[in-house]
Amino acid sequence: MKKVKWKQYIAPIVITAFFSAYMVFYAVLLVNVLSGIAKVLFALVPAALTAVLVHVCIQRIKEIRTGEEDDLSQY
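Procedures and definitions
Residues numbered from 1 in each chain as written. Predicted model: local features only at pLDDT ≥ 70, side-chain atom pairs only at ≥ 80, totals over all residues. Heavy atoms only, no water. Salt bridge = Lys/Arg side-chain N within 4 Å of Asp/Glu carboxyl O. Helix = DSSP H or I, 4+ residues; strand = E, 2+ residues; numbered from the N terminus. Buried < 20%, exposed > 50% of the residue type's maximum accessible area, 1.4 Å probe, protein only. Expected span 1.5 Å × (residues − 1). Contact = heavy atoms within 4.5 Å.

**Focus on the pattern of salt bridges**
Side chains bearing opposite charge may pair, as long as their charged atoms lie close to each other. Applying the stated criterion across every chain, the model contains one salt bridge. A salt bridge links Glu-63 to Arg-60; its shortest N-O distance comes to 3.1 Å. You can see Glu-63 and its partner Arg-60 sitting in helix 2 (residues 37-66), three residues apart, about one turn around the helix.

As C-alpha cells, then:
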C-alpha cells in the first residue's frame, strides 16, 4: 500500500460535508413548510441523497488508499 498524503482526502470530505449540510438544511426547510404526509416524503429524498453522498465519499477514500487516484485513466 502506498503512503497517502492527507491533502488528497480534503476535497472529497469537504464536498461531502457541504452538500450534506445543504441537504439537511433543505430537509428542515421542507419539513417546516409542508404538512402531513408530504413532510415525510419530501424529507426522505434529501436524507437518501445524504446517505448516498456519504457512501460515495467512503468509496473514494478507499480508492485513494489503494492508490487508484486517477480513475479516468482506466477508460
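**Examining the environment of His-55**
As for its placement among the helices and strands, His-55 is situated in helix 2. For His-55, a relative accessible area of 47% puts it in the partly exposed group. Along the sequence, His-55 and Thr-16 sit 39 residues apart, while their C-alpha atoms lie 9.7 Å from each other.

**As for helix 1 (residues 7-33)**
Turn by turn, an α-helix covers 3.6 residues, leaving residues three or four places apart pointing in a common direction. Its 27 residues place the ends of helix 1 40 Å apart at the C-alpha level, agreeing with the 39 Å of an ideal helix rising 1.5 Å per residue. Within the span of helix 1, buried status applies to Tyr-9, Pro-12, Thr-16, Ser-20, Met-23, Ala-27 and Leu-30. Contacts made by the buried residues of helix 1 are with helix 2.

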